[in-house]
Amino acid sequence: MTLAVASGAWVKAAPLVFVLIWSTGFIVARYGMPHSPPFSFLLLRYVLSMACFLPWIVWAKVPWPQTRQQWFHLSVTGILVHACYLGGVWAAVKAGMGSGLSSLVVGIQPVLTAVWLSWMSRTTPSADKVTPAVTSRQWLGLLLGFIGLLMVVWRKLTLPSPMDHVTTANMLFALGALLAITVGTLYQKRFVQPCDVRSANTVQLMAAAVVTLPLALLEPEAMRWNDQLVGALAWSVLGLTLGGSSLFYILIQRGAAAVVTSLLYLVPPTTAVLAWLLFGESITAMTLAGTALTALGVGLVVRSPR
């Protein structure tokens, strides 16, 4: 009984833990980006993450995916969610795009996911539907969440730092990341069969590393090792990949795509709070109002129907 209660409490807490971990991504970028090219950093992150997963898989005798189709589908999601999404965001930030604009661009994902699900609900016969249609209440929540997200990042959009600038290149990187995480989420929900998160994540990381390797070799900049870079890399492996990416995989398998992706609306407000705690960045009244509106919008999306 105690185990069942603990398991139920963990399931309820998983979305909150996911948001807290995922929100540290821009904090890691702030620490590590000045000292490393993006794809070299990500390649090392993938390799070290696999080095953590593999002994765990062997020790726990975790089963690997049983079919070639499952390996293929996991590889596709790994390329999209890890290599393309993370590579696009990090490349955009490295190329000069501010965290406010990059988080806003990627924050459109829940809306794109909802548009796709609504279109599929109209064009797919009822017997063949894999995911439910987005309700009018959820549409309202998505709209409120996006408005709240815009309020949170508005200060960074209107008062960018001297290093922030938008170019065709970094905007394409950000839009590519947006497309990759949206397609990757929908693809995983549609094609990836339930399997152990440790072996599934390892397969995804293998595919991401294969795609990232040639890009890392083409980067002229070398990694400049220091305490900040080591700390950023360590948290990227232990927190973001082993923790955040694994939770993202589990949440997608357990929930509806629109519900899970709406949680990403909460990432910029949480990042703003973390930046205030760690770097002393100011939090304005608009930031607080936007955070409250975002939380309200996400609540409307994730609330179960009566």
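These figures come from a predicted structure and were not determined experimentally.

## Re the overall build of the protein
So, step 1. Scanning the protein from N- to C-terminus turns up 13 helices and 0 strands.
So, step 2. Starting at the N terminus, the α and β elements of the protein follow one another as α-α-α-α-α-α-α-α-α-α-α-α-α.
So, step 3. For the protein, the accessible surface area stands at approximately 15000 Å², while carbon and sulfur atoms represent 72% of it.

## Some points on the nonpolar core
So, step 1. With 56 residues, the main nonpolar core has F18, W22, F41, Y46, Y85, W90 and F248 as its most contacted residues.
So, step 2. Apart from residues no more than four positions distant in its own chain, Y46 is found in contact with H82, A83, L86, L205, A208, A209 and T212.

## Examining the pattern of salt bridges
So, step 1. Evaluated as defined, the whole model comprises 3 salt bridges.
So, step 2. Linking E221 and K94 is a salt bridge whose minimum nitrogen-to-oxygen distance equals 3.4 Å. Taken as a pair, E221 in the loop between α9 (197-217) and α10 (227-254) and K94 in helix α4 (residues 68-94) lie far apart in primary sequence, 127 residues in all.
So, step 3. Judged by relative accessible area, which is 30%, K94 ranks as partly exposed.
So, step 4. In this structure, R224 engages E221 in a salt bridge whose closest nitrogen and oxygen atoms are separated by 3.1 Å.
So, step 5. On the basis of relative accessible area, R224 is assigned to the partly exposed category, the value being 40%.
So, step 6. Within this structure, K94, E221 and R224 form a network of salt bridges that share partners.

## Structural notes on the packing of helix α3 (residues 38-60) against α4
So, step 1. Where α3 contacts α4, the axes come no closer than 9 Å and their chain directions differ by 145°. The hand of the α3/α4 crossing is right-handed. Across the interface between the two elements, P38, F39, F41, L42, R45 and Y46 of α3 pack against H82, A83, L86, G87, W90, A91 and K94 of α4.
So, step 2. Considering only residue class, the contact of α3 with α4 consists of 9 nonpolar, 2 polar and 2 charged.

## With respect to unusual backbone geometry
So, step 1. You will see that K61, though not glycine, has its phi angle at about 55°, which is positive.
So, step 2. You can see K61 is positioned in the loop between α3 and α4.

## A few points about the packing of aromatic side chains
So, step 1. Enumeration over the complete set of coordinates arrives at 8 aromatic pairs.
So, step 2. When the ring of W22 is compared with that of Y85, the centres are 6.4 Å apart and the planes differ by 10°; the resulting orientation is stacked. Here the residue W22 occupies a position in helix α1 (residues 2-22), and Y85 occupies one in helix α4, the gap between them amounting to 63 residues. In this structure, W22 and Y85 share a single accessibility class: buried.
So, step 3. Ring geometry for W22 against F248: centres 5.6 Å apart, planes inclined by 25°, an arrangement best described as stacked. Residue W22 is found in helix α1, and its partner F248 is found in helix α10; the two are separated by 226 residues along the sequence. Pair check on accessibility: W22 and F248 agree, each one buried.
So, step 4. Here the aromatic cluster, defined as three or more aromatic residues joined through ring pairs, consists of F18, W22, Y85 and F248.

## Looking at α9
So, step 1. For α9, which comprises 21 residues, the first-to-last C-alpha distance of 30 Å matches the rise-based estimate of 30 Å (1.5 Å per residue) to within 8%.
So, step 2. Residue V211 marks the point of greatest curvature in α9, where the axis turns by about 30°; the proline P214 follows within four residues.

## So, the environment of Y85
So, step 1. Taking the relative accessible area as the measure of exposure, Y85 reaches 10% and is therefore buried.
So, step 2. Between the C-alpha atom of Y85 and that of F173, which follows or precedes it by 88 residues, the distance is 9.0 Å.

## With respect to the side chain of S245
So, step 1. Looking at the element boundaries, S245 is found in helix α10.
So, step 2. Excluding anything up to four places from it in sequence, S245 contacts W22, R45, H82, N201 and L240.

## Focus: the packing of helix α2 (residues 25-32) against α10
So, step 1. Interhelical geometry of α2 versus α10 gives an angle of 155° and a closest axis separation of 8 Å. For the element pair α2 / α10, the angle class is roughly antiparallel. With respect to the hand of their crossing, α2 and α10 are arranged in left-handed fashion. Facing G25, V28, Y31 and G32 of α2, the residues of α10 in contact are Q228, L229, A232, W235, S236 and L240.
So, step 2. A breakdown of the residues in the contact of α2 with α10 according to their chemical character gives 6 nonpolar, 4 polar and no charged.

Thresholds applied
Residues numbered from 1 in each chain as written. Predicted model: local features only at pLDDT ≥ 70, side-chain atom pairs only at ≥ 80, totals over all residues. Heavy atoms only, no water. Helix = DSSP H or I, 4+ residues; strand = E, 2+ residues; numbered from the N terminus. Areas by Shrake-Rupley, 256 points an atom, 1.4 Å probe, with all protein chains shown as cover. Core = buried A, V, L, I, M, F, W, Y, C linked by side-chain atoms within 4.5 Å. Buried < 20%, exposed > 50% of the residue type's maximum accessible area, 1.4 Å probe, protein only. Contact = heavy atoms within 4.5 Å. Salt bridge = Lys/Arg side-chain N within 4 Å of Asp/Glu carboxyl O. Axes fitted to C-alpha atoms, helices over the stretch in contact; angles between N-to-C directions. Left-handed = near helix turned anticlockwise from the far one by under 90°. Nonpolar A, V, L, I, M, F, W, Y, C, P; charged D, E, K, R; others polar. Phe/Tyr/Trp six-rings, centres within 6.5 Å; stacked < 30°, edge-to-face > 60°. Expected span 1.5 Å × (residues − 1). Bend = angle between axes of the 7 residues up to and from the residue. Parallel < 35°, antiparallel > 145°, perpendicular 65-115°, else oblique.

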